[in-house]
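Understanding the architecture of this molecule
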Amino acid sequence: MEAAVLTGTSAITMTEDKENVLQPQRKNSGKGARARRRGSVPAGAGGAKEGEGETGKPRRLAGIRPRISIEELRNAYKRQASTPQEEILPMFDPMAKAQESKGVTRGRTGLVYDERMAEHRCLWDANYPECPERLTHTLERCRQLGLIERCEPILPRNATEDEILKSHSRSHLYLLWSTKDEKNKEKLENISSHFDSIYIHPETYDLALLAAGSTIDVVDAIMAGKIQNGMALIRPPGHHAMKTEFCGYCFFNNVALAAQVALEKHKLSRILIVDWDVHHGQGTQQMFYEDPRVLYFSIHRYENGTFWPELRESDYDNVGAGRGRGFNFNVPLNKTQMKNEDYLAVFHQVLLPVAYEFDPELVLVSSGYDAAVGDEKGEMEITPAFYAHLTSSLMALANGRVAVIFEGGYCLESLAEGAALTLSALLGDPCPKLLDPILKPSLSMCESLLNLIYVQRPYWKCFQYQGSFSVHEKTNGDTGERHIPTLSYLGNATKPLQYETRNCYPVQSEEVKEKIRLQLARLKQDKPPQMFENNRLCLVYDEAMSNHHSLSEKEHPERPERTERIWKSLKQFGIIERATILQSRYATQQELELIHTHEHVNLMASTSALSEKELLNMQDNYKSIYLHPKSNEAALLAAGSLLQVIDDVCNNKSLSGIGVIRPPGHHAEQDHPHGFCLYNNVAIAAKYAITHHGCERVLILDWDVHHGNGVQHAFEADPKVLYISIHRYDHGLFFPSSEDANYDQVGSGEGEGYTVNIPWNKSGMGDAEYMSAMLQVVMPIAYQYDPQLVLVSAGFDAARGDPLGGCRVTPECYGHMTRLLSSLAGGRMVLALEGGYNLSSISYCMTMCAKALLGDPLPSLESGLVPNKNAVQSISDTIRTHKKYWTALSFQVDLPVEDVLCQGFGGGAQPVESGASGSEVSSTNVSPVSTPSTASPPYVSAPSSPDKTWKNGNSMENGASPQLECSSERTKFDSDKMDIDVTPIPQLQRSVRSRVKSEKAASASVAEQRDVKAGGMQKQFGSEGSSRMSRRKVGDQGGSGESANHTSTPIRPSRPVKNVGLMLRAAASCVGIVKGATAIVSNENTLDSGSINGILKQCKELKLLQSCTRLEPRPASEEEILSVHTRETLEGHVQRETCSKSPCSGDPALTAAGSFVELISEVVQGNVLNGLALVQVSDHTSSGNQIISNNYINNLAVGTQYALDTVGLQRVLIVNWNAQNGYNTQNLFYSDPRVLMFSVNLTDDQSATKGSVDRRGENKGLGYTFDLSLNRDSQSKNFTQGDYLAILHQVILPVAYEFCPELVLLAIGNDLVHQSPAVSPLIYSHITQMLMPLAQGHLAVMLEVGNAKEITKDIATATLSALLDKAVALLPVIYENTSEVQDSVVNMINVQAATWKSLKQHAQISCINTKKQANASSAVLCDEQQIIAKAFDGCVTTPTHTLCLAYDEGMMEHFSYDDETHPERPERISCIFQRLQEFGIVGRCHQVKTRLASAAELETVHSPKHIKFMSSLHSKKPRELQGMQNSFESIFFHRQSNNAALLASGSLLEVVNSVLRGESRRGLAVIRPPGHHAEKNVPCGFCIYNNVAVAAKHATGVHGLSRVLIVDWDVHHGNGIQHMFEDDPQVLYVSIHRYDNGTFFPGSPDANYNRAGTKKGKGYNVNIPWNKGGMGDGDYMAAMIEVILPIAYQFNPELVLVSAGFDAAVGDPLGGCKVSPECYGHMTKLLSCLAGGRVIVALEGGYNLNTISYCMTMCAKALLGDPLIPLSQGLAACPSACETLNNVVSVHQKFWSALDLKSKGMSPSSRKSKKTPKQSPSVDLADRSPETPDGKTGLDELTSTLSQMSLGKEGEGAKSVEVVDVKMEEEDGAVGGACATSAEGLNTFLLTELSGAESMYAVVPLQWCPHLESVKPVPNNSLDAFSPCEECKDLSENWVCLTCYKVLCGRFVNEHMLMHGVTEEHYMVLSYADLSVWCYSCDSYLHHEILLEAKRAAHISKFGEDIPGS
């Protein structure tokens, strides 16, 4: 049912006409997109009639699913574009599985047994529990119940030797064989005593083979389709048998053997083994512990390890290993007397959700019955009947392929009864009634399940219903809703030499036995179950119900064809011939008045006598009602026919029934019709069952997409009826638009708690959401309620394709829900048709329900069923509300995010999609929750998938997460969570040097296990094919100068831009990578060790040394020395009398070299992150056999050669900042491109200075040597920190990022500081900090101590502080660069630009000759900085916390009423917070207490008028807010908007306070709404209050700071911040944003590079405006390093605030850029070098939920000091970015001397300058050229056009743009455009504004769909694009059907084309507005050559000419 049914003259509405109810609007797709005010007005308000909008036009149908989002289309296209055409499968058909099930009926149940198995018995103990009677009693009970003759017999057979050896060892098999026919009982007992709980009989071998072979054959028969399911009644049991050991009565593991055969013979990839034997099946667990193809689930008694088998591995934390991690589930029962409700909780909370996500192809049950009542071993209280319920719930899985294998059970009565009822369930008999009530699960069970969920939720996304908390949070003593998992093992793991073989079992007393006998007598079935073989289902239908139809509209959704099509489908599927057809009848007045009033019944009866006109007038008095003279007759027939079904079922004539009836009924109220409904059929039926059949408990489940208001109102005070409704609510906007449909409506009076509403608050819900609601809410409550009859209000308008529901439930899902319900009420269940308006879908849906009731196998649901975030919230709200009424809902408890078990667990629930149905998203992925398409890192992806097959016999890497493959290698991840074995081994106690030598033949280096970047698979620290473990000099390979497999330039290709998931995978892989240790190694035992000892003493006093890992110094080995030096050099340092072999000892020089090598080894092995080596002697001036002065061994070269040869690195960066000429080190690697070397030297030789730039390397190493030699004359005393920073920023860092090293070696000394008084020792801490982001933090620093001891101490402590990520003081004042350094830098850029793209496209490339201008402001700044620098001198304190975090869910209350998918949506912050939890970041942060900002704080940047206006929103109605928001640019309002905005600003202020008060060093604010667009007087661009601006003012005003830096990297310019500080020199604002020559939002010239500030703030506003899309890591890093850092260091801020918008990130729907998450981390890390590390990152924009969560996480990791994933090699800015940076430098070099290199040495050939076109505030689209500079059409220009149009004001700048055929431009690696992809011929549609919708869409159309075949030729080869709608004559928005060529209006007028498409199944339509083609079935735009004929005809008609270029 729906909100409006449109007729030719009037609209019949179902939406309540309330002022505060809005109609759903078309979705916005970008900033500035507006939505027109639409909706109803109160009756009598004037103007519009009821059912009309403000314009008087009929309202459109509410709730119809809006067009597919940009992101969905883009993802769909990318999936298709990445698949070769020959491999493309047909588009997903939602009805395909239902169609394929035609003819698939329930098969027979197989049974295998052999009474010979009773011969296996204990010869020496007649009372042994595992006795022959176990089998014979069970068979006898099955015969008594008549079950065996109903089964398909399977002949037993012995397993073959080959079959046994699949799971057991040959010695295991032969040992048992050796006992065959052995007559000596003593010998048999002796053999048995060597095994736990084993006896061996002479026939045991044969009978064990018989049991195994019989089990295998049952599985074979099932997989071959010979039987539907089966049971193996066999013994001996098997699940304890291990590969080489008998155990626990078991010899061969029957289930494991059968599973292995299924895997190998039948090629299955997903098997579920459920083991409910009370003893843990450790044998089965061990066999599949590392196999992701088998999910093993065991429920067993454990009692903290004291119950047999007393194994630690039986506890819940054993989740699998290797590839199988996450595929092993143990539910340990830590107490006895567990009951039905406990096991039921296991199934509903864990097993079934996981099983549906896993989607098994076969289910095997290790069916032990020792948990049943009376079992002396189990001591549990499971009733025998309950096993039938457990079995029934599993039969819905795996297409019904279930094999039950007999295991334990030792109480003969309960064993026989339980096994017999299990077989009965397999035969399809109804589940027997449970005599004991279902109560609350025990506390122990709750704890066990919560523990299990805690350890498994990193691997399975279904665990969404437990919240998260940090154990560090303060709780105020209230921990009632929290659970902290613990581990306790009290067992005895010691195995005896011999086991007891007699009297080793518990014995019950006679009193206990008698009590058990009485209990079992009560529980035992007194008669065989009623089989209902030929009367399982009754049906009722009458064609006379079709007489009810609309008089005014032929295509009304509720039309006669609904029931006709269903009946037809039931015939086609053979259902009718298998069912009992009942005679229809009319309901009597007395029956109707069970629910309805006498007046209502009489009124409806009177309609048969009214004329059509009178009926039309009458129907207008009701909501969504039409009347016909035959309406009452049809309604009476519907109600009466349903009562016929009730009679038949309640009288046990049929088991279940279906009423194919109409009109529907659940909306009908007691006194009036409502929503297509005249009489409330189901309500009448429920009341009838109570009054006429004596039912005391009736369950009504209403799954119609609309809330059944009528049913709820009829029974809300009646406890005899439990009403549960699953429906769309949309915060009260969805029909029937009543708050009664919300989750907080629970009934009243005696009926309180008996009304359960599960309200969806968005469209798109699918199988995942409905199945989750069933398992989490419906089934637990229903079992506790224990109904006697189940009624289903079976509306199918939530099904896929329904025009009113907007949901995505498949027909098979309805079947599965029906199957779950059929276990209730003894199977007595009746379905009554309610809504559903897609004729095709409802017919299949009802058919699947009928098949479920008949017991047919159901098609499996899509794998990876994971509910979306919105559904999780709705279900959680319902659980929270009803847990006080229904004790079964006991599991909504918070779990810790920390790894409280210290085993690699922890993290919150996995992030799930917030948009489409979780099942919808995952159905297209390779994995149920493949990473990172839904936002999850690899280690948390759900285990397994239907498509995950083992290649070449091996599973995919890491099992639980599909890995990315490149060539033959696989991505691997570091961390125990990802199954990488990093356990220390004994050899780790030895030196790395010897360890590498000993292990090189046995295993690859540890570094091979590290993650490699996608797209080229960088091999870090050695990998296959490149690792060279032997040491050899360069040149040993035949004079080549390098190894044989060494290329001239080892380039790692950049990631492909077109794969967003690929670009996120690197970020996802670093989940386990946290900051490692810092090592220090020193040789303080040398003769001259005073300097080193002084350094160590100072480091200890500053508490630095205590934080380090001390390495033992060691001498270098002979091999290490000879890799660089000649033997003559070595012999000069070897004490012959003490050393004749390696390692050499006795010489300080050798010890210095060896210690540095040891440090490098520890770093590259991953034992430490970085380190400092203190050496007394110089190193790198020594080469060959030379010994220069007192410098002996070249330590730097020895260490480098070790990294290259021994470890196998391919890229090592050396930065020699020792001020001594490193020529000799350069010589050694002069032709080796694996080593990039920078030397900064001081020399007295002026000629050497001039020629140093030309020392660039040679041969393949040309360009890899950078030599900056500075002349040591009088001027050297004036070298400044600015000089060295310029070298670092302008040369070293750009080239280093392009090189992408695997290891960084930094050599430093004291000369640069000692000989330059203006340079502070702190410079080294900053140099170190800026190198730390490289090489994933792997940095080894060598400090030559020298003679200037005091300076060296300061240098050492500064460097060590940086390595430890400690707070570093601000640098003193930075003077202008000296001319010599400027010339050297310019010359270096000029000379090396030919080799390095980062220098060729440098920010300074066109600005070198700009004339320097006076810089008064800079001079003032210098004076201020001198004062500040002194103030901070020595005052650096260590804050208590490294990082503080602000987050509050209250900020999620701000959302758009009319656009639920608005980009700025609440899930932005929640998904970030969840990702932070998963990465363990939340637990490492100090969470500040959030608060609201005060008016006084806001007034520092905003006007009182603005604050007052925002404060008034709370009292406004939704409709008023909608009108108000249209007055602003890209703004939406909610009643809670102001509160959320105050919370965002206030929370950020608390972060600022925490940082500036010294509590925290850095800060992270996950806040919304964003702020940087908000102006002083108005909100703008999603922003209400300017959060960062308020924070900056707070820092300067309250905390007294004088310099605050704001870096804004949001893709949109922060106009608000700029305007607030453009005249304020205390705040330096730097913005990197898209500008597109003024056309990108906010579209103001203020965003251009020439806006530098005003008045005193001139120069303090820096804009870096990109003029195209597609900007990526290279562009942003160039801006950061070459422009922002130089300015920032000169500004010397005291606080850095980052406006961290992530809409420039890859995959963002609005930004059109491609910055990776790790790039944001690198930028954050570089900014952390400033302000003493006081950096605060505050969220702004970013609209791809998956991407922004990773981006913010990378920033957080950078702030925490974690190592960062390296960026792609070859990083450089594109030409467009280079031009922008040149322009910025040209403007700002007059303000900032750090940018002024004013060289005369730049050659003209190196310059690449373009004159920037003049920007214009307004852009005429017609004048814009679609051509890029190279003549190709660029998508970035198209995006610019889109941005200008979509963000413009109403009525301005909106011009029609035709379909543009775009080829993606690849410019120097940067792909332009908002939809970054390299696909050739990609078509992007630009859709102009349509009537009734101002929002615009940029979408990527599908290139093909299966419905293209329905496109017919254009009639008469022409179309009339100006034709009116054939139904309503409207001209505003019309479409033409490409099948029948009807012209009808679109969804924003009267939706006639939509109804036509759905009803006629004509899916392909063309828009006359923009000539796009839409497919209704695929929900997508199409572009294909088949469509060109129609497009051309429409274009000619509309524009008078053919499509240009066609």
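Quick look at the structure, then. (Residues numbered from 1 in each chain as written. Predicted model: local features only at pLDDT ≥ 70, side-chain atom pairs only at ≥ 80, totals over all residues. Heavy atoms only, no water.)

Across the sheet, 5 strands lie side by side as β45-β44-β46-β47-β48; this open sheet has antiparallel pairing. Edge positions in the sheet fall to β45 (1943–1945) and β48 (1980–1982), since each of these pairs with one other strand and no more. Recorded for the sheet is a direction-independent mean angle of 40° between the axes of neighbouring strands. Packed onto the sheet, helix α55 (residues 1952–1960) meets β44 (1934–1937), β45 and β46 (1964–1967) and runs at close to 120° relative to β45. (Pairing = 2+ DSSP bridges. Helix = DSSP H or I, 4+ residues; strand = E, 2+ residues; numbered from the N terminus. Axes fitted to C-alpha atoms, helices over the stretch in contact; angles between N-to-C directions. Contact = heavy atoms within 4.5 Å.)

With that out of the way, let us pick up the packing of helix α43 (residues 1467–1478) against helix α52 (residues 1745–1759). Viewed as axis vectors pointing N to C, α43 and α52 meet at an angle of 50°, and their least axial separation amounts to 8 Å. By the criterion of interaxial angle, the relationship of α43 to α52 is oblique. The element α43 and its partner α52 pack so that their crossing is right-handed. Along its contact with α43, which presents Glu1467, Arg1468, Cys1471, Ile1472, Arg1475 and Leu1476, the element α52 presents Leu1745, Asn1746, Ile1748, Ser1749, Tyr1750, Met1752, Thr1753 and Ala1756. Taken together, the residues of the contact of α43 with α52 sort by class into 8 nonpolar, 3 polar and 3 charged. (Parallel < 35°, antiparallel > 145°, perpendicular 65-115°, else oblique. Left-handed = near helix turned anticlockwise from the far one by under 90°. Nonpolar A, V, L, I, M, F, W, Y, C, P; charged D, E, K, R; others polar.)

What follows is about the packing of helix α15 (residues 561–572) against helix α24 (residues 839–854). Contact pair α15 / α24: the axes reach a minimum separation of 8 Å and the direction vectors enclose 50°. Regarding the angle of α15 to α24, the classification is oblique. The two elements α15 and α24 cross, and the hand of that crossing is right-handed. Across the interface between the two elements, Glu561, Arg562, Arg565, Ile566, Ser569 and Leu570 from α15 touch Leu839, Ser840, Ile842, Ser843, Tyr844, Met846, Thr847 and Ala850 from α24. Of the residues assigned to the contact of α15 with α24, the class counts are 7 nonpolar, 4 polar and 3 charged.

To continue, consider the pattern of salt bridges. All chains considered together, the criterion is met by 52 salt bridges. Put simply, Arg235 and Glu130 hold a salt bridge, and the shortest N to O gap is 2.9 Å. In this pair, Arg235 sits in the loop between β5 (229–233) and α8 (254–264) while Glu130 sits in the loop between β3 (109–113) and α3 (133–144), placing the two residues 105 residues apart along the sequence. Note on accessibility: Arg235 and Glu130 belong to one class, buried. (Salt bridge = Lys/Arg side-chain N within 4 Å of Asp/Glu carboxyl O. Buried < 20%, exposed > 50% of the residue type's maximum accessible area, 1.4 Å probe, protein only.)

In strand β14 (residues 656–659), alternate side chains face the same way, and those of Ser656 and Ile658 on one face and Gly657 and Gly659 on the other are all buried. Where strand β12 (residues 537–540) and β14 come together, 4 bridges link them in parallel fashion. Residue pairing for β14: Val540 is matched across the bridge by Gly659. Bridging between β14 and strand β19 (residues 829–833) involves 4 bridges; their strand directions are parallel. Paired with Ile658 across the two strands is Leu831, which belongs to β19.

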